[in-house]
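# A closer look at the structure
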Amino acid sequence: MSGKAAGSVLLAALLAVPFVVQSEFWLSFWLLVLMFAFLGQSWNVLGGYGGQFSFGHALFFGGGAFGTAILQVRHGINAYLAGAIAITLTAMVGALLGYLVFRYRLRGAYFALVTLAFAEVARVLIASFEYTGGGFGMLVPLARGAANFQFDDRRIFYLIAWTLVAGGCLIALWLENSRFGAQLIAVRENEDGAQALGVDPVRTKVLAIALSAAMAATVGVFYVQNFLFVDSQIAFGPGMSIEALLVAIIGGVGTAFGPLIGAVVLHALGELAKQITGNAPGLNLVLYGLLLIAALRFLPSGFVSAFGRRPKASPGAVDA
Amino acid sequence: MLEVRDLRKRFGGLSAVDGASLDVAEGEIVALIGPNGAGKTTLFASISGFVRPDAGAVRFLGADIAGVAPHLICARGLARTFQIVQPFEKLSVRENIAVGAHLHRPARREALAHAEAVACRVGLERRLDQPAASLTVAARKRLELAKALATDPKLLLLDEVMAGLNPTEVDEVVAVIRAIRADGVTVLLTEHVMQAVVSLAERVYVLANGRIIAQGTTTSVTSDAAVIEAYLGRGAAERLRSRREVRHAP
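A word on the overall build of chain A. Per the secondary structure count, chain A includes 14 helices and 2 strands. The C-alpha radius of gyration computed for chain A amounts to 19 Å, which stays within 12% of the reference 20 Å derived for 320 residues, consistent with globular compactness. C-alpha extents for chain A along the principal axes are approximately 55 × 45 × 35 Å. In chain A, buried positions account for 55% of the 320 residues. Of the accessible surface of chain A, which amounts to about 13300 Å², a share of 70% is contributed by carbon and sulfur atoms.

Right, dumping it as structure tokens:
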């Protein structure tokens, strides 16, 4: 079975969760998995297909989350409109950041550090002003109803999240079968080589980071609608950035279903570690770490590689 | 088609290109030769936009392209290959060539079909689905050529596409380049393999220490005293001539 087939089966199986799972706990668990899968996919667009490893994807997640929260709470803007504005603005921030960074040819570790720095700056700034909720964070007033993008039934949130993840996989598949994707992958593989063939590397990477930022911001918006609360540590903290890159890397960098598989495996392992160790505080993290090390030792190119011989962007090529 | 006028490029204290001028007319195959370190690669890089020249003009199809970004120069119809090949290692041969094909073909299907056609022209048709990382040196050189060719260039700059090939492979690539020219692509190439230069080029420029020291047909430049000295050292031409005279003496 190829990675793509396994991913599709997993995706289809996840659609059944709200109709099968009755427990509120497990429904929330799988909802969170889907959110992180889409966040990982957003990282994967830039990091996996574009080869630009961001260490500060929290910047974009937080941009979406705080953008929509501020617009709703401080300016009374409708949740849908606020979400759309927040996503658009974050995409623009991503493009601007990308232009500055790529224009001056920052790559590799330097790119990672710059993104981390921007996320940290955003975290500190957001925590410093009353307008942005200060140290406490922002509470979106409870007002259930489809008009406010707030649903009593968590299953509706779940189905929306599932649709996002499916959309994310389609975006990745589009990248593997389009001119833009081919150019992005070419830039990842060899920037000079791509430029010699008429590819504008700066433009290509700026578009990729804008798309990636918009996707991450969408998760942020969704997060706020689901929990009705966000603070600077959750939204802009390094934890969110690590979550974004970890699910993509564990699942399989630069593969369409890698982030989904990574999110499922990672959170299943995390939950398993908790169940096994019971109440001993911190012990679950030790076990989780050991499981991660084992995973990286035996499947260094991601869990997707457990299914196919050749996990890579290969339209037209025969899948193993 | 291509006019280079008094091009200069310094790297610190070193003048890599020191006032070089050359012309390439449409339909020609022109060779640029010279000893190691003469500045051939820098001259190529300045023409194709990868290096910004300090002074001088590069005119391609009437427009000044000195200092223009490489991807824009490529879009105008001037494609280059690299002496150190630059494949997209993890992609298949077909996908590699398709990146070039996409320049004027937005549709994926069309680009892939064109990639296949180009692969046939350079003799890579049996390696289409192989990853570029697994190719031999000879095949990598062909891939480099194919990628550039897929952008539908009017002028092709080939930087030592035959270095490291055995004589049979050189003959094959020579035939490929002839066929490319027959299809209406003008070619400017640098080469150390004289077998290829002699059989391909109508005109030859000789570059030494960043300057063009001779130009003409292959036979005329190889007997030029300045060229012999550039390759073999000062006084070499004199010694060669005297030795020849001794041999011809009764």
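What follows picks up the thread again.
What follows concerns the overall build of chain B. Summing up its helical and strand segments, chain B has 10 helices and 10 strands in all. For 250 residues, the compact-globule estimate of 2.2 N^0.38 gives 18 Å, and the C-alpha radius of gyration of chain B, at 19 Å, lies within 12% of that figure. Seen through its principal axes, chain B has C-alpha atoms that stretch 70 × 40 × 30 Å. When the 250 residues of chain B are sorted by exposure, 52% land in the buried category. Considering only residue pairs separated by 6 or more positions, chain B has 64% of its internal contacts joining residues 24 or more positions apart.

Residues and elements named next belong to chain A. At a minimum axis separation of 8 Å, helix 3 (residues 24-49) and helix 8 (residues 179-189) run at an interaxial angle of 55 degrees. Taken together, the axes of helix 3 and helix 8 are oblique relative to one another. Here helix 3 contributes V45, G48 and Y49 to the contact with helix 8, which in turn contributes L184, I185 and R188. For the contact of helix 3 with helix 8, the class distribution of residues is 4 nonpolar, 1 polar and 1 charged.

What follows covers the pairing of strand 4 (residues 55-60) of chain B. All names here are of chain B. In this sheet, strand 4 lies alongside strand 1 (residues 2-11) in antiparallel orientation, the contact comprising 5 bridges. Pairing of R5 across the sheet is with A57, part of strand 4. Here strand 4 pairs with strand 5 (residues 63-64) via 2 bridges, running antiparallel. Its bridge partner lying in strand 5, F60 is registered against A63. Where strand 4 hands over to strand 5, the hairpin turn is made up of 2 residues, of which L61 adopts a positive phi near 50 degrees.

Our next topic: the interface of chain A and chain B. Facing 24 residues of chain A, the contacting portion of chain B comprises 26 residues. A per-residue breakdown of the area chain A buries against chain B is headed by R179, E189 and L197 of chain A, which together make up 30% of the total. Joining chain A to chain B, the criterion identifies 0 salt bridges. If you look at where chain A meets chain B, you find 7 residue pairs in polar contact (both at pLDDT 80 or more).

Right, let's talk about the packing of aromatic side chains for a bit. Aromatic ring pairs are described here by two measures, namely the spacing of the ring centres and the angle between the planes. Residue and element names in this part refer to chain A. Evaluation of the coordinates by the stated rule reveals 16 aromatic pairs over all chains. With 5.1 Å between their ring centres and 70 degrees between their planes, W43 and F53 make a pair best called edge-to-face. Of this pair, W43 sits in helix 3 while F53 sits in the loop between helix 3 and helix 4 (58-75); the two residues are 10 residues apart in sequence, bridging distant segments of the chain. A relative accessible area of 40% places F53 in the partly exposed class. Between F61 and Y223, the aromatic rings sit 5.5 Å apart at their centres with planes inclined by 75 degrees, giving edge-to-face as the arrangement. Here F61, found in helix 4, pairs with Y223, found in helix 10 (residues 201-227); they are 162 residues apart in sequence, far enough to count as distant.

All names here are of chain B. The strand order across the open sheet formed by 4 strands is 2-1-4-5, and the pairing between neighbours is antiparallel. Every other strand in the sheet has two partners, leaving strand 2 (14-24) and strand 5 as the edge strands with one partner each. Sheet contacts for helix 1 (residues 40-48): strand 1, strand 2 and strand 4; angle to strand 1, the most-contacted strand, approximately 115 degrees.

Let's shift gears to the sheet that holds strand 10 (residues 211-216) of chain B. Residue and element names in this part refer to chain B. Pairing is mixed across the open sheet formed by 6 strands, whose spatial order is 6-7-8-3-9-10. One side of each edge strand has no neighbouring strand; the edge strands of this open sheet are strand 6 (78-80) and strand 10. Within the sheet, the average angular offset between the axes of one strand and its neighbour, ignoring direction, is 20 degrees. Note that strand 3 (residues 29-33) and strand 8 (residues 186-190) share 4 bridges and pair parallel. Looking across to strand 8, one finds that V30 is bridged to L188. Those strands touched by helix 9 (residues 225-232) are strand 3, strand 9 (203-208) and strand 10, and its axis lies near 130 degrees from that of strand 10.

This part is about helix 10 of chain A. All names here are of chain A. Here helix 10 contains 27 residues, and its C-alpha end-to-end distance of 39 Å stays within 8% of the 39 Å for a straight helix at 1.5 Å per residue. Of all 27 residues that make up helix 10, 22 are buried, and the element is covered over most of its length. Among the residues of helix 10, the N-terminal cap falls to D200, whose side-chain oxygen and the backbone nitrogen of V202 are separated by 3.2 Å. Looking at the residues trailing helix 10, positive phi occurs at L228, about 60 degrees.

Bringing a nonpolar patch on the surface into the picture now. Residue and element names in this part refer to chain A. On the surface, L15, F19, V20 and L159 cluster together into a nonpolar patch covering about 370 Å² of accessible area. Checked against the element boundaries, L159 lands in helix 7 (residues 154-176). Judged by relative accessible area, L159 falls into the partly exposed class, the value being 30%.

Criteria and thresholds
Residues numbered from 1 in each chain as written. Chains lettered and ligands numbered in written order. Predicted model: local features only at pLDDT ≥ 70, side-chain atom pairs only at ≥ 80, totals over all residues. Heavy atoms only, no water. Helix = DSSP H or I, 4+ residues; strand = E, 2+ residues; numbered from the N terminus. Rg over C-alpha atoms; globule rule 2.2 N^0.38 Å. Buried < 20%, exposed > 50% of the residue type's maximum accessible area, 1.4 Å probe, protein only. Areas by Shrake-Rupley, 256 points an atom, 1.4 Å probe, with all protein chains shown as cover. Contact = heavy atoms within 4.5 Å. Axes fitted to C-alpha atoms, helices over the stretch in contact; angles between N-to-C directions. Parallel < 35°, antiparallel > 145°, perpendicular 65-115°, else oblique. Nonpolar A, V, L, I, M, F, W, Y, C, P; charged D, E, K, R; others polar. Pairing = 2+ DSSP bridges. Buried area = accessible area lost by both parts, 1.4 Å probe. Salt bridge = Lys/Arg side-chain N within 4 Å of Asp/Glu carboxyl O. Polar contact = N/O pair within 3.5 Å; in protein donor to acceptor, adjacent residues only side chain to side chain. Phe/Tyr/Trp six-rings, centres within 6.5 Å; stacked < 30°, edge-to-face > 60°. Expected span 1.5 Å × (residues − 1). Patch = residues over 30% accessible without salt bridge, like charges linked within 9 Å, V, L, I, M, F, W, Y side chains within 5 Å.

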